[in-house]
Amino acid sequence: MAMISTYCPHFTGLRRSSPNLHHNNSQQSQSFLQHIDSQLRLPSSSSGRPCRGAVTAMAGSGKFFVGGNWKCNGTKDSIMKLVSDLNSAKLETDVDVVVAPPFVYLDKVKASLTDRIEVSAQNSWIGKGGAFTGEISVEQLKDIGCKWVILGHSERRHIIGEDDQFIGKKAAYALNEGLGVIACIGELLEEREAGKTFDVCFQQLKAFSDVVPSWENIVIAYEPVWAIGTGKVATPQQAQEVHVAVRDWLKKNVSEEVASKTRIIYGGSVNGSNCAELAKKEDIDGFLVGGASLKGPEFATIVNSVTSKKVAA
Ligand code: PGA
């Protein structure tokens, strides 16, 4: 996807040479963060990537992706109003758009929503359905036309208590059965403050990587826990530095092709006002949106922030 920018990026994502990352050493991770920070401040002439004038790079090759995570919100009435607003919204064509309603409304939303927007579940069971009270199977999700599932969300990790292994099992099963997975990773505030952001994200990534059959149907959502539902959005630079580190991790631990193709989206207090600046960052391939996805017009604005990647010269 050719992307246009008004500046010459000196931060070259996949194409820059990156320092060797040591995944389980938080001091080194911290110094990598500082290294990236200093890279961001360097003049563009120091870049390995030639200046392309008015080109905003998109480091990955995947299509922009925006997901709306409705969480445990809504009633029959409010959800049908949201569906109607989404059906009448004007959405840029070059964006994959997905919404994740609460389970009880999933079938109805799928049936009433324009085909332009796919639906996602917010969770799925680790294996085939059966005697698992309260769970929803991948087979049932597929039966109603659901194409995606969000797994590893911080609310399930930190409130419900799901661990990496359990989440990995869910991801492997869903992918093997043909569902796409929005795989969430992200650090707590105290982990960021302790310089462990990369360690935490890499460990969560590894748990997915160890078990998934392929990366073809995975979108990674980087969602710093301190930014979710708090109104405290990561700065574009903070998000970019983790996204590029995630892409580097994929390059080193999976393959260059997967690193380039896998969408890495940002989540955590994204709204109609801050999405454009975030979208300009070259390793931000879209968003996972909570609160602001409950308002149709605002969600459409976020979907359409893809245009800020294509700012003309
Ligand atoms: P938020 O939620 O946009 O309300 O911060 C994001 C998420 O949890 O995916």
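Computed from a predicted model, the values in this text were never measured in an experiment. (Residues numbered from 1 in each chain as written. Predicted model: local features only at pLDDT ≥ 70, side-chain atom pairs only at ≥ 80, totals over all residues. Heavy atoms only, no water.)

Further remarks concern the packing of helix H6 (residues 164–176) against helix H8 (residues 197–209). It is at 8 Å that the axes of H6 and H8 come closest, and there the two elements cross at 40°. Judged on the interaxial angle alone, H8 and H6 are oblique. Seen from above, H6 lies across H8 with right-handed handedness. For the pair H6 and H8, the contacting residues are Asp164, Ile167, Gly168 and Ala171 in the first and Gln203, Gln204, Ala207 and Phe208 in the second. Considered class by class, the residues forming the contact of H6 with H8 number four nonpolar, three polar and one charged. (Axes fitted to C-alpha atoms, helices over the stretch in contact; angles between N-to-C directions. Helix = DSSP H or I, 4+ residues; strand = E, 2+ residues; numbered from the N terminus. Parallel < 35°, antiparallel > 145°, perpendicular 65-115°, else oblique. Left-handed = near helix turned anticlockwise from the far one by under 90°. Contact = heavy atoms within 4.5 Å. Nonpolar A, V, L, I, M, F, W, Y, C, P; charged D, E, K, R; others polar.)

Under the criterion given, the structure shown has 16 salt bridges. Taking the shortest distance from any N to any O, the salt bridge between Asp96 and Arg263 comes out at 3.0 Å. One end of the pair, Asp96, is in strand E2 (residues 95–100); the other, Arg263, is in strand E7 (residues 263–267), and 167 residues separate them in sequence. Under the relative-accessibility criterion, Asp96 is labelled partly exposed at 24%. (Salt bridge = Lys/Arg side-chain N within 4 Å of Asp/Glu carboxyl O. Buried < 20%, exposed > 50% of the residue type's maximum accessible area, 1.4 Å probe, protein only.)

Scanning all chains against the criterion turns up one cavity of 30 Å³ or more. The computed volume of the largest cavity comes to approximately 30 Å³. Lining the largest cavity are Gly152, His153, Ser154, Arg157, Cys184, Ile185, Gly186 and Glu223. The set of elements that each furnish at least two residues to the lining of the largest cavity consists of helix H5 (154–160) and strand E5 (180–185). Looking at side-chain class alone, the lining of the largest cavity contains two nonpolar, four polar and two charged residues. (1 Å grid on protein atoms, 1.4 Å probe; cavity = no way out; pocket = protein on both sides within 12 Å on 5 of 7 lines; lining within 4 Å. Points joined across faces, edges and corners; volume = space filled by probe spheres on them.)

Here we come to the packing of helix H2 (residues 76–88) against helix H3 (residues 103–112). Between H2 and H3, the least distance of the axes is 10 Å, while the angle of their chain directions is 30°. The pairing of H2 with H3 is recorded here as roughly parallel in orientation. Regarding H2 and H3, the two cross each other, and that crossing is right-handed. Contacts from Lys76, Ile79, Met80, Val83 and Asn87 of H2 reach H3 at Tyr105, Lys108, Val109 and Ser112. Split into classes, the residues belonging to the contact of H2 with H3 amount to five nonpolar, two polar and two charged.

This part covers the layout of surface pockets. For the largest pocket, the calculated volume is near 350 Å³. Lining the largest pocket are 14 residues, with Lys71, Cys72, Gln122, Glu155 and Arg156 sitting closest to its centre. Take the lining of the largest pocket: its biggest share by element is four residues, from H5. Considered class by class, the residues forming the lining of the largest pocket number seven nonpolar, four polar and three charged. Put simply, the second largest pocket is a space of about 290 Å³.

Taken together, 13 residues surround the ligand, and among them Lys71, His153, Glu223, Gly229 and Ser269 come closest. Side-chain polar atom of Glu223 to an oxygen atom of the ligand: 2.6 Å apart, as the coordinates give it. Here Gly290 contributes a backbone N or O atom positioned 2.8 Å from an oxygen atom of the ligand. Out of a free accessible area of 280 Å², the ligand has 95% covered by protein chains. Its residues assigned to classes, the shell around the ligand comprises four nonpolar, seven polar and two charged. (Near = heavy atom within 4 Å. Polar contact = N/O pair within 3.5 Å; in protein donor to acceptor, adjacent residues only side chain to side chain. Areas by Shrake-Rupley, 256 points an atom, 1.4 Å probe, with all protein chains shown as cover.)

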